[in-house]
Each structure stands twice: as C-alpha cells, then as structure tokens.
Amino acid sequence: MSMIVNAELAARFGLSAEEYQKVLDIMGRVPSLTELGIFSVMWSEHCSYKSSRVHLKTLPTKAPWVIHGPGENAGVVDIGDGLAAVFKMESHNHPSFIEPYQGAATGVGGILRDVFTMGARPVANLNALRFGDPSLPVTQRVIDGVVRGIGGYGNCVGVPTVGGEINFHPAYNGNPLVNAMTVGIARQDKIFLSAAAGIGNPVVYVGSKTGRDGIHGATMSSAEFDEHAASKRPTVQVGDPFTEKLLIEACLELMATDAIVAIQDMGAAGLTSSAVEMAGKGGVGIELDLDHVPQRETEMTAYEMMLSESQERMLMVLKPERTEVARAIFEKWDLDFAIVGVLTDTAHITVKHLGKVEADIPLAPLADEAPLYHRPMTHAEPPARLGTVADPAGVEHALLTLLGCPDLASRAWVWNQYDSGVGGQTARRPGAADAALVRVEGTKRGLAMTTDCTPRYCQADPRVGGAQAVAEAWRNITATGALPLAVTDNLNFGNPEKPEIMGQFADAIKGMGEACRALDFPVVSGNVSLYNQTSQPSGLSQPILPTPAIGAIGVIDDVTKAVGLGMPDNAELVLIGEIRGELGQSLWLREVCHREDGAPPVVDLHAERRNGDFVRNMIGAGRVEACHDIADGGLLVAVAEMVMASGVGCHLDKPHHGTSLHAWYFGEDQACYVIATKHAAALIDDAEKAHVPVRHLGRTGGSNLVLKDGMTLSAERMREVNAAFFPKLMER
Amino acid sequence: MKAGIVVFPGTNRERDMEQALRLVSGKAPTMLWHRDTTLPDLDLIVLPGGFSFGDYLRSGAMGAHSPILSEVRAFAERGGYVLGVCNGFQILTEAQLLPGALLRNTGMRFLSQDGYLRVEAGDTAFTRDWSKGDVFRAPLAHGDGNYTASEASWIVSKGKSASRSAMFAPRAGWMRRAASAIPTEASAPLRVF
C-alpha cells in the first residue's frame, strides 16, 4: 500500500474529503504520514464521537453522589465510608467477530485499565453479550472464543466475573456484541485523573512493549464490515492478562505514594490518544521522543508506534523528584518503565524519532475542530399494539418452551468457565439474584451490579426500548434490596450515516434520558459503538438490533440483608405491580407463536419508581425472603426461575380475572416484582396504603410448580429443560 | 499461628488468603515475595492460587523455580506446615515437594463451581476440627485441576502425611482431584482423602 500522503490515503484512513481539507487548513501544509495517522484516529468515530456527541449531551449526568461523570476514564460515584465505585462499560464488537478469543480478552483488559487508571482496584467484571442464530457454526465459534477469551483474561488477572447477559438474534450473525464492564473501588481522596500539568514534568511509559499489533484498530471499528472481515485480523490486538495483573499491582502500589500527576491508559489509538488527551485536558503541550519507547519489534516507524494498539500499556506524568521511586516499583514487577517525553508550553504535540520531528500538531484545533455531525434522521412509526392472540399450545408447553429457549436457558455453562469468586467478596454467584452482589472489602456494604437491554423492544420502538433498558437495570438492582446509584451505557447501533439508524440512536437516547431522570439514575460513563452493520455480498447491509446496553450499580448498607431468587418453604408469594398482559414483542410471542410484532410493553416510569421504592423498603425492613422482577418470559417464567433457584415449589392462586391465561402468565409487563414473604398480610396492607398495586400470588412448598388449572411441573424437570441448551449446543 | 503467604507475579488469591488466615488465627499473616531468600519465623507457609507467571508454560512450572522455593523446601524438611491451594498446589507438584501432576480438566474448559467434600481422616492438622464423614463445601476454579499420581506415590504421600511436613499439601491436592470430578449439582459427595 502506497503511503504518500494525499486525499486518497486520507480516505483510506477513514477521513472524508471535508475532514481532510480541515486537516490541511489546520496544518497549513500537507501533513506527514504520522500526522495524518494521528488526525485520522483522533477524528475516527470511535475516538471523536462525531455522530453521537450532540445526542449524548442530552443525558443527565449529575447527582449529589456523582463524583466524576462522563469525560474521565470511568464514572465515579460515592458509596459511603469515604469510598467510591469506579465503573464503565465498553464494547469490543468488531474484534470479537474477527478473532473471538483475543477480541473478547482484550475487551476485558481494556475496560479493566480504564478503571484502575483512576486508582481503583477492580472488584468485578460483567459482560453483555449478543450472538447470532445459535444454529449457525459461525455463532458457535464466536460463543466458544468469546467465553474462553473473557474467562482466560478475567480468571488470570484475578477479577471475578460476576454477571452479565446473553441474547441471541439473527441480526447479530455477522456482528456479535461484546460489551465488557468493570467495577472498581477506590478511596475518594485517591482518585487519579488524566489532565496533565507541570511544564517540564516527565512523561513516562509503563507496561508492555509496543509492537505492530492493532494499528488502525480504532479506524477499523469505525467502518462497516464486509465479506473480507477476516483479512482485518492483523488489526486485532493480542492480550496478556499476566502483564495486566502486574500492571494493576504496580500502578496501585505507585498510587499509594504521591508520585503521579496524571495517568491514562493506552486504549484505542494507543500512544496517540493517551498523549493527546492528557495534554489536551491539561492545556499543556507534550513532546514525545519515540527512541525511548520500549519496542517489541525492530525498525518500527513513528507512524507505527503512534498508532499501535499493543495492550497493557499506560502513560503517566510524574513528579520529577519521584521518578526513581516509580522506576523501582515497576522494575520490581518486571515491567518496562521509560521516560518517553516531557510536558511543554508549546500547546503542540511534537513527536520525534531518530532525531527527526515526525509530527507537530497544535492540540487545540485537533480537539476543538474535530468533526461534529448533526446527521439526518428518520423515525419509524412505532408499531401498532398487538391485538388479541390465541394461545396455540397451552401453558405447560409454552413454559417449557420458554425455559429451554436460547434467551432464557440457564447460562451456567458460560458462568462456570468464569472465576466468579476470586477476591473472596462475591456475595451472590451469577444467577442467584437479579443483580450480582459484591461485598466492599473491610465493610458490611455491598455493591449490586447488572447489565440490561432488550434489543427486540428497541428495534420495535427505540424510545420505549431505551427507557425499558434503564428501568430494568434499576429494577434488577432494586430487587436485591440495593439502592440504584448510576449508569454506564454502551450504545451499539448500525451505520449512523443511514438516517433510520441515526433516528434509532436519537430516540433510544431520548428514552434512556427520560428513564434516568425519572429514576434519579445519572449516566456517569459510557461508550458508543456504531457501524455494527455487515455488508452482504448481495450489496444489502444488515444492521444489528439497536442495543443500548445499560450497566448499572447500586449500594446496600448491609450485604447480608440482600435477597436473591431462592425461596424458603412456607412463604407467601406476592405480586407487586400490575399485570395487564403485554404480549407485544414478548418472548412468548416469538418462541411459541413465531412472531416478532406488536408494540413493546408500556414503560410507566412513575409506577416503576413507586413500586421499586416500595420493594426496596420492604427488603430493608426484613420482610422479604426472595425477590425477582418480571422480565423476559413474564410472570410464570419469573416464578419458575425462583423455583429452580431454590428447589422449593409453589402453588399459585387463580389468575387475575379479565386477562387471558397466557397473557397473565407470559405478558412482559414492566414495574412488576414477585416477592416471597413471611409477612404477607402486613406487606399487602402497606402496599395498599402506599397505593402500590399488590396481589396475593400463591404459597411456597413442596418441590413442584403447581397451577390451579392442573399443571404440575417439578423443579427438577424445569431445571433439566433449562440446563440443556448450552451444553447441547457447545459440547457436541 | 504465624503464617506467611508467598506471592508470585500473577498470584491472585493472596488477598482472600490473607483474610481467611486472619479470620482463623486472629493474626495478620506475613506476605512473602517469590524472590525472598530468607524466611521470618513461621508455623505455616501458604502458596495461594492464581496464575504465577501467567502459567504460560505448564501451570506452576515457572513458580517452582522461584528463589523462595528452596526456603520452602527446607522449611518443610524441618517439619513446618506447607499448604498449597490451587496454583500453589500446582507449584508444589512442579517443585516435586508433592507427588503427581495436574493435567488439563477432562472437559478442556476452565471450571468454576462449588465442590462438596467428605472428610475421611479427621486426625490431620487440616481436618482436626471436623470428624470423619463431615461434608463441606469448597469452591473451585481451575483449568488444570485433574490431579494424577501413581498408586505408589499415593501410598508414599499418605505415609508421609503422618509426619508434619507433607500433611497439608497432599490433602489439598486430593480435595482438588475430587472436586474436579464432582458435577455441580451433585447431592452425594464423592469419597475423598
């Protein structure tokens, strides 16, 4: 490939003609290859958010408990006792299709660095995964590689993988989604930021050596896929969790001293973005001498070093008198440590290599004049509400079908490959409660965490789907007894240059914003992944379902008071919330009737808030033995999951009058919870006083799920059906 | 009880182990670095779990060559207790302080789940607060947990376990072997020890 800098090369680097013209205007000359490389990655969709920024700005990001919102490496919220939770979710979608193991592994590594960069010890990982049609060999290959990759990295680095979600849909056939979330804990007075300061202070490189891997990775993830995706394999980086583990320990050891002025991990666009962002945020210049960059390969050029996405590297600005303290720590951990530059008063980034200036770019225009697009949008008419649908199969058949279907089947095969207990603070293992629970070391406190999104709702009505994703995350945290605090979002969409996709994006954000405001649930960090779209040889282009994945955390003062799905014998089951029988876009409709239509369930944010606050209060008052929200599959699936989790059966009362049997059992009504309680009378009384819809639902006991109309299913039978899917698919 | 925890680069269970030992003994254990060549006065040395040196060779193979291992060996020969858990146990077999070896799990996948173990000998230092027949839950998480040893070496190490030196580690090893063989939902624990 010819590397003569001109409009054609700029186009190959992903810059439009107008964007290249802007580069020429800023530089006042034709840029060098290294300079063009820097512009193209900094102005890629991945780094500049040029299509999404105008919409992201509408999301609520503040609350009294928010310490740092979007703009830092991760969001930071107050969790009490002078401690803070630091968390973020980030996508690694494109690499995970090209090379599933390394794509997923480096996704985990990247998000871990975003969190410990800020001074937090990572305490939990979660993963929101979307795969294509499970019957396709390519999907099985992707599942196998992604699960091994997440486990391979997380297990080795010693951070428990405690939760997440998995959905399947053919729209992800050529474009699976791997969204990795990390939660860390830091002292509030020991949070590290990325703004560089102090002219003359040394710029230090630590971690792994730089190789030629991942060059232009950020550009790759800013374009659609085609049938030549496999040829992009060299742009995928290779992860080394062992080095990451050393890097965590060395950085946290250094952070306990007072040597660091600023620190930033080298993620997408590597040395370029870390140097540009640190200097840019601090309003200083930066000069790098690439001769000192630790290199894994020989004869690397400045262009290659600046664009490499080699993993497990960090850039820091240190206090000059502390440099040797820092060097000793990194040498103890067998990590490279090199002074590669200095902060200047030039307001430029200057890159030298072998005595020659390879790049000299003014930082302000690189940031301020980055492209910003108000892309054209079209908005699809929301689908009509679903009319009456007859039950073709009966309740028992439908329940067993749902419990065994890919979207609801037990994920134990996946979880059992992840170390969920390392660190010794995991209070509930995956699947035991609606949200994962991790104890805050040395305290009674617990953090509840979850990831949620229902892409089929978002496809039908992005605004409702966006709100529902936020509401479900809030509900899952509430159902454990924890108080929801804040959100990180991972917005996965198709090609933003297509008006219908841009419309989906804007509408989903509108819905998310509405829910976040109604639930006091600010967005403190996030990531946007666009161009999740595959060009077919036929010329058609298949976008993914719009997938605004919501990661969220909450806090509970005493983790031993949290509740999960496991019910005791001889408890009453109570329904909180109102079931109208929302079958539009339900799993029942898809799995039993093979239809994907109708409007998604109504999201009533007032009811959500009222019902959730009531449930959390009841858990806090010790009146709740078990709690599960109603989501995919509806009421009967929720109850069946509680039976399977505990091995304790239950007898359900007669369904509500006026709703057909299947709509009552399988409707996916929002703002609803099933509670097992030994204080049913008092709880129902309190609910009525608080105007919270409440209804006696049944009684636990035995080991069967028994309905009034005669259906009896044993916990064992349901577990068998529920457990079959993954092993059958993956262990043939 | 004065305990020391050996930390290798890549060890990741030292914090859990520290809490556990503090809980049991009421004393903070001493953290030891893999390059240490002298030991403080100790009653117990623990090699905790993790991925020493990334386990990029065989699990535990690199760790077995760390300088501190000669100290651990001498400590054991003097009659000190040594406990190897997970990667620590792998290191002890690689260092040939214990017989046998750990192979890949038979399913060729990492396994993280609870195992249930039954005490078969209640008169060892590790099991003396239990009685024979007691069942307890042990979480497991490993990719190479398939303990394999010849019949002869089993007998040898069983014999040795009457002395103080080799008592902890073989027990831990047998637990792991059994644990990797028990299905998740197993209600009837396998016979171990």
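Conventions we followed
Once a new chain begins, its residue numbering starts again from 1 and follows that chain's sequence as written. Chain labels run from A onward and ligand labels from 1 onward, assigned in the order the entries are written. Two thresholds apply to this predicted model, a pLDDT of at least 70 for residue-level local features and 80 or more for giving and counting side-chain atom pairs, whereas whole-chain, interface and lining totals are computed over all residues. Values reported for side chains reflect all heavy atoms of the structure, with hydrogen atoms and water molecules removed beforehand. Labels follow the DSSP assignment, with helices taken as runs of H or I lasting at least four residues and strands as runs of E lasting at least two, numbered in each case from the N terminus. Relative accessibility decides the category of a residue: with a 1.4 Å probe and only protein chains considered, values under 20% of the type maximum give buried, values over 50% give exposed, and everything between is partly exposed. It only takes one pair of heavy atoms within 4.5 Å for two residues to be counted as in contact. Method for areas: the Shrake-Rupley scheme with a 1.4 Å probe, in which residue coverage is limited to the protein chains shown. C-alpha atoms define the radius of gyration in this analysis, and the globule rule sets the expected value at 2.2 Å times the number of residues to the power 0.38. None of His or the chain ends enter the tally, which takes Lys and Arg as positive and Asp and Glu as negative. We put the charge of a Lys on NZ, of an Arg on CZ, of an Asp on CG and of a Glu on CD. Two strands pair under a simple rule: DSSP has to find at least two bridges between them. Only the stretch in contact is used when a helix axis is fitted, and all axes are lines through C-alpha atoms; the angle between N-to-C directions ranges over 0 to 180 degrees. Here, a salt bridge means any side-chain nitrogen of Lys or Arg that lies within 4 Å of a carboxyl oxygen of Asp or Glu. Computed with a 1.4 Å rolling probe, the buried area is the accessible surface lost when two parts are put together, summed over both parts. Whenever a nitrogen or oxygen atom comes within 3.5 Å of another N or O atom, the pair is scored as a polar contact, on the condition that within protein one atom can donate a hydrogen and the other can accept it, and that pairs from neighbouring residues in sequence are kept only if both atoms are in side chains. Two rings from Phe, Tyr or Trp (for Trp, the six-membered ring) form a pair when their centres sit within 6.5 Å of each other. Planes less than 30 degrees apart are called stacked, planes more than 60 degrees apart edge-to-face, and all others tilted. Ring-over charges, as used throughout, are those where CZ of Arg or NZ of Lys falls within 6 Å of the ring centre and within 35 degrees of the ring normal. Within this scheme, the nonpolar core is defined by two criteria: the residues are buried Ala, Val, Leu, Ile, Met, Phe, Trp, Tyr or Cys, and they are joined through side-chain atoms within 4.5 Å. Each residue after the first adds 1.5 Å to the expected span of a helix. For this quantity, the arc is that covered by the directions from the helix axis to the C-beta atoms. Seen with its strands pointing away from the viewer, a crossover is right-handed when the path leading from the first strand over the helix to the second is clockwise. One confidence number per residue, pLDDT, is output by the predictor and ranges from 0 to 100.

(A) Spatial organisation of the overall build of chain B. Along chain B, the regular secondary structure elements total 5 helices and 9 strands. Each helix (α) and strand (β) of chain B, taken in turn from the N terminus, gives the series β-α-β-β-α-β-α-β-β-β-β-α-α-β. Burial statistics for chain B: of 193 residues in total, 53% are counted as buried. Looking at chain B alone, contacts between residues at least 24 apart form 74% of all its contacts between residues at least 6 apart. When the accessible surface of chain B is summed, it comes to about 8,900 Å², and 54% of that surface belongs to carbon and sulfur atoms.

(B) Focus on the overall build of chain A. Counting its secondary structure elements, chain A contains 25 helices and 28 strands. Against the 2.2 N^0.38 benchmark of 27 Å for 732 residues, chain A shows a C-alpha radius of gyration of 26 Å, consistent with a compact globule. C-alpha extents for chain A along the principal axes are approximately 85 × 60 × 45 Å. Counting across all 732 residues of chain A, residues that qualify as buried make up 65%. Across chain A, the fraction of contacts at a sequence separation of at least 24, relative to all contacts at a separation of at least 6, is 84%. Carbon and sulfur atoms make up 53% of the accessible area of chain A, which totals about 24,100 Å². Side-chain charges of chain A comprise 61 positive and 87 negative groups, with the mean position of each set lying 3 Å from the other.

(C) Local environment of the sheet that holds strand β8 (residues 260-265) of chain A. Residues and elements named next belong to chain A. Strands sit in the order β8-β10-β7-β11-β9-β12-β13 across an open sheet of 7 strands; the sheet is mixed. In this open sheet, the two edge strands, each paired with only one partner strand, are β8 and β13 (356-362). Within this sheet the neighbouring strands show an average axis-to-axis angle of 20°, counted without direction. Pairing of strand β7 (residues 202-207) with strand β10 (residues 313-318), which is carried by 5 bridges, proceeds in the antiparallel orientation. Across the sheet, the residue bridging to Tyr 205 is Leu 315, located in β10. In this fold helix α11 (residues 270-282) packs onto β8, β9 (285-289), β10 and β12 (348-353), with an angle of close to 30° to the strand it touches most, β10.

(D) Fine view of the pattern of salt bridges. Enumeration over the complete set of coordinates arrives at 52 salt bridges over all chains. A:Glu19 is the partner of A:Lys50 in a salt bridge, and the nearest nitrogen-oxygen pair spans 3.2 Å. Highlighted residues: A:Lys50 in the loop between α4 (45-48) and α5 (53-56) and A:Glu19 in helix α2 (residues 17-27), separated in sequence by 31 residues. Residue class for A:Lys50 comes out buried when judged on its relative accessible area of 6%. The class for A:Glu19 is buried, based on a relative accessible area of 4%. A salt bridge links A:Arg609 to A:Asp613; the shortest N-O distance between them is 3.1 Å. Note that A:Arg609 and A:Asp613 are positioned in helix α21 (residues 605-620) at a spacing of 4 residues, about one turn of the helix. Each of A:Asp144, A:Arg148, A:Glu731 and B:Arg109 takes part in a single network of salt bridges with overlapping partners.

(E) Structural detail: the interface of chain B and chain A. Contacts between chain B and chain A engage 25 residues on the former and 30 residues on the latter. Overall, the association of chain B and chain A removes approximately 2,300 Å² of surface from exposure, summing both partners, and the carbon and sulfur fraction of that is 44%. Area buried by chain B at its contact with chain A is led by B:Arg15, B:Arg109 and B:Ser112, which between them contribute 28% of it. Summed over the shared surface of chain B and chain A, the result is 6 salt bridges. Taken together, the links from chain B to chain A amount to 17 residue pairs in polar contact (both at pLDDT 80 or more). Looking at the side of chain B that touches chain A, the elements that each hand over two or more residues are α1 (14-25), β6 (111-118) and β7 (135-142) of chain B.

(F) Broad picture of the packing of aromatic side chains. Here the structure, examined in full by the defined rule, presents 15 aromatic pairs over all chains. Considering the side-chain rings of A:Tyr665 and A:Phe666, the 6.4 Å spacing of their centres and the 65° angle between planes classify their relative orientation as edge-to-face. Looking at A:Tyr665, the relative accessible area reads 1%, which means it is buried. A centroid spacing of 5.0 Å and a plane angle of 75° characterise the contact between A:Phe725 and A:Phe726, whose relative ring orientation is edge-to-face. Considered together, A:Phe725 and A:Phe726 belong to a single accessibility category, that of buried residues. If you follow A:Lys332 out to its NZ or CZ, it ends over the ring of B:Trp33, 5.0 Å from the centre.

(G) Just the nonpolar core, in detail. Residue and element names in this part refer to chain A. In this structure, Leu 254, Met 316, Leu 318 and Phe 330 are the most contacted members of the largest nonpolar core, which totals 76 residues. It is helix α10 (residues 241-255) that provides the largest number of residues to this core, a total of 9 residues. In this structure, Ala 479, Phe 493, Ala 508 and Ala 562 belong to the second largest nonpolar core, which totals 56 residues.

(H) How the structure looks around the environment of A:Leu15. Residues and elements named next belong to chain A. Topologically, Leu 15 is positioned in the loop between α1 (7-12) and α2. A sequence separation of 620 residues divides Leu 15 from Leu 635, and the C-alpha atoms of the two residues are 51 Å apart. Dropping the residues within four chain positions of it, Leu 15 is found in contact with Ala 10, Val 23, Leu 36, Phe 39, Ser 40 and Trp 43.

(I) Seen up close, α1(B). For α1(B), with 12 residues, the first-to-last C-alpha span of 16 Å sits near the 16 Å given by 1.5 Å per residue. Along α1(B), the residues classified as buried are B:Glu14, B:Asp16, B:Met17 and B:Leu21. Each buried residue of α1(B) lies within a common arc of 150° when the element is viewed along its axis, so the set occupies one face. Where the residues of α1(B) are buried, they touch α10 of chain A together with β1 (3-7), β2 (30-33) and β3 (44-47) of chain B. Just past α1(B), the residue B:Gly26 takes up positive phi, approximately 75°.

(J) The pairing of β1(B), seen in detail. Residue and element names in this part refer to chain B. Judged by how many residues are buried, β1 sits mostly within the fold: 5 of 5 residues are covered. Residues Ala 3, Ile 5 and Val 7 point to one face of β1 and Gly 4 and Val 6 to the other, with burial holding for every one of them. Relative to β3, β1 runs parallel, the two being bridged by 3 bridges. Bridge pairing in β3 places Ala 3 opposite Leu 44. Note on the crossover from β1 through α1 to β2: the handedness is right-handed.

(K) Inspection of the sheet that holds strand β2 (residues 75-80) of chain A at higher detail. All names here are of chain A. Taking strand neighbours across the sheet as the criterion, the 6 strands line up as β1-β2-β3-β6-β4-β5 in an open arrangement whose pairing is mixed. Of all the strands in the sheet, the pair left with one neighbour each is β1 (66-68) and β5 (161-168). The sheet shows a mean angle of 25° between the axes of neighbouring strands, direction not considered. Its contacts with the sheet put helix α8 (residues 137-157) on β4 (121-131), β5 and β6 (177-187), and the angle it makes with β4 is roughly 180°.

(L) Representation of the confidence of the model for chain B. Residues and elements named next belong to chain B. Mean pLDDT over chain B: 78, with 78% of residues reaching 70 or higher. Scored below 50 in pLDDT, residues 155-193 shows 85 contacts in the model against residues more than four places distant or in partner chains. Both confidence scores are given for the complex: pTM 0.94, ipTM 0.90.

(M) Up close: the pairing of β10(A). Most of β10(A) sits inside the fold, with 6 of its 6 residues counted as buried. By the alternation rule, side chains of β10(A) split into A:Arg313, A:Leu315 and A:Val317 and A:Met314, A:Met316 and A:Leu318, which are all buried.

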